[in-house]
Amino acid sequence: MKSLDRRDVLKRMTVLMGGGLSASVASGILSGVGPAQAAAFALQTDKHILKAADMAVLAELADRIIPDTDTPGARAAGVPAYIHLMVSEWYYDDERARFIAGLKSIDELSRNHTGKAFLQASEEDRHDLMVRMDRAAAGKSPADNFFLEIKQLTLIGYFTSQIGAEEELRYEAVPGPYEGCVPLSKIGRAWAT
């Protein structure tokens, strides 16, 4: 069984994100919503749509999609709070209901697969479940598949965060001269700007 490889996930999501953004997600991105705004939103307890148990599952999913490696992962970048902000403030009611139902379905899938809720399942079982969800999502769009939607939101949240832009990607506030064709080995990693 092939495992979820961080690089493979990022490659696949790059392709998917080219044409698969919902109007709500695109609107949030164009409005400048990012993990920095999510921190302020987290303090507004009257606007929370997701319960603590939902947030724990969301955080685990995001952190398994982009785990800590030589750079901080999704949880450290504030991705769960970002996703919560997007779902609470930018999603239409029907999108929000579909997202919440999808998040709740993770525990049901886990119980069917392991006999335990997602967070109570072993590391290996959680990994296997995510591999199964990833395989089931092949050929679908984020609007039609909850797992792809979580992956998409995780990547957007991560790469719009300070950690994603400055530590995972290469960021320079004032870049030097334009060089059209530079080998990746020369610059070390992709540019955030």
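Here the structure is shown first, and the text comes after it.
Residues numbered from 1 in each chain as written. Predicted model: local features only at pLDDT ≥ 70, side-chain atom pairs only at ≥ 80, totals over all residues. Heavy atoms only, no water.

### Here's the deal with the overall build of the protein chain
How we decide: Per the convention used, a helix needs a DSSP run of H or I reaching at least four residues, while a strand needs a run of E reaching at least two, with both numbered from the N terminus. Note on classification: 1.4 Å probe, protein chains only; a residue is buried when its accessible area is under 20% of the maximum for its type, exposed when over 50%, partly exposed between these limits. Residue contacts are counted whenever heavy atoms from the two residues lie within 4.5 Å of one another. Throughout, the Shrake-Rupley method with a 1.4 Å probe supplies accessible areas, and for residues the shown protein chains are the sole cover considered.
Helices and strands together make up the secondary structure of the protein chain, namely 10 helices and 0 strands. The secondary structure elements of the protein chain, listed N-terminal to C-terminal, are α-α-α-α-α-α-α-α-α-α. Here the protein chain holds 193 residues, and the buried ones make up 40% of them. Here the analysis covers contacts within the protein chain between residues at least 6 apart in sequence; of these, 65% occur between residues at least 24 apart. For the protein chain, the accessible surface area stands at approximately 10,500 Å², while carbon and sulfur atoms represent 54% of it.

### Brief notes about helix α5 (residues 79-90)
Helical geometry note: an α-helix holds 3.6 residues per turn, so side chains three or four residues apart project in the same direction. Heads up, the condition is: The span you would expect from a helix comes to 1.5 Å times its residue count less one.
The end-to-end C-alpha distance of α5, which contains 12 residues, comes to 15 Å, matching closely the 16 Å that a straight helix rising 1.5 Å per residue would cover. Those residues of α5 that fall on the buried side of the exposure criterion are Val79, Pro80, Tyr82, Ile83, His84, Leu85, Met86, Val87 and Ser88.

### Quick look at the packing of helix α6 (residues 93-114) against helix α8 (residues 146-159)
As a reminder of what qualifies: The axes are straight lines fitted to the C-alpha atoms, using for helices just the contacting stretch, and the angles between their N-to-C directions are given from 0 to 180°. Orientation labels follow simple angle bins: below 35 degrees gives roughly parallel, above 145 gives roughly antiparallel, 65 to 115 gives roughly perpendicular, and whatever is left gives oblique. Charged residues are taken to be Asp, Glu, Lys and Arg, nonpolar residues to be Ala, Val, Leu, Ile, Met, Phe, Trp, Tyr, Cys and Pro, and polar residues to be all remaining types, Gly included.
One can describe the packing of α6 onto α8 by two numbers: an axis separation of 10 Å at closest approach and a directional angle of 105°. Considered as vectors, α6 and α8 are oriented roughly perpendicular to each other. On α8, the residues that touch Arg98, Phe99, Gly102, Leu103 and Ile106 of α6 are Phe146, Glu149, Ile150 and Leu153. Residues that form the contact of α6 with α8 fall into these classes: 6 nonpolar, 1 polar and 2 charged.

### Brief notes about the nonpolar core
As a reminder, the rule being used: Put simply, a nonpolar core is a bunch of buried Ala, Val, Leu, Ile, Met, Phe, Trp, Tyr and Cys residues held in one set by side-chain atoms that sit within 4.5 Å of each other.
Grouped together as the largest cluster of nonpolar side chains are 31 residues, with contacts concentrated most on Leu58, Leu61, Ile83, Phe99 and Leu103. Breaking this core down by element, the ones donating at least two residues are α4 (52-65), α5, α6, α7 (123-136) and α8. The element that contributes the greatest number of residues to this core is α8, accounting for 7 residues.

### Side note on the environment of Asp107
Within the secondary structure, Asp107 is located in helix α6. If sequence neighbours within four positions are ignored, Asp107 has contacts with Val57, Lys116, Ala117, Phe118 and Leu119.

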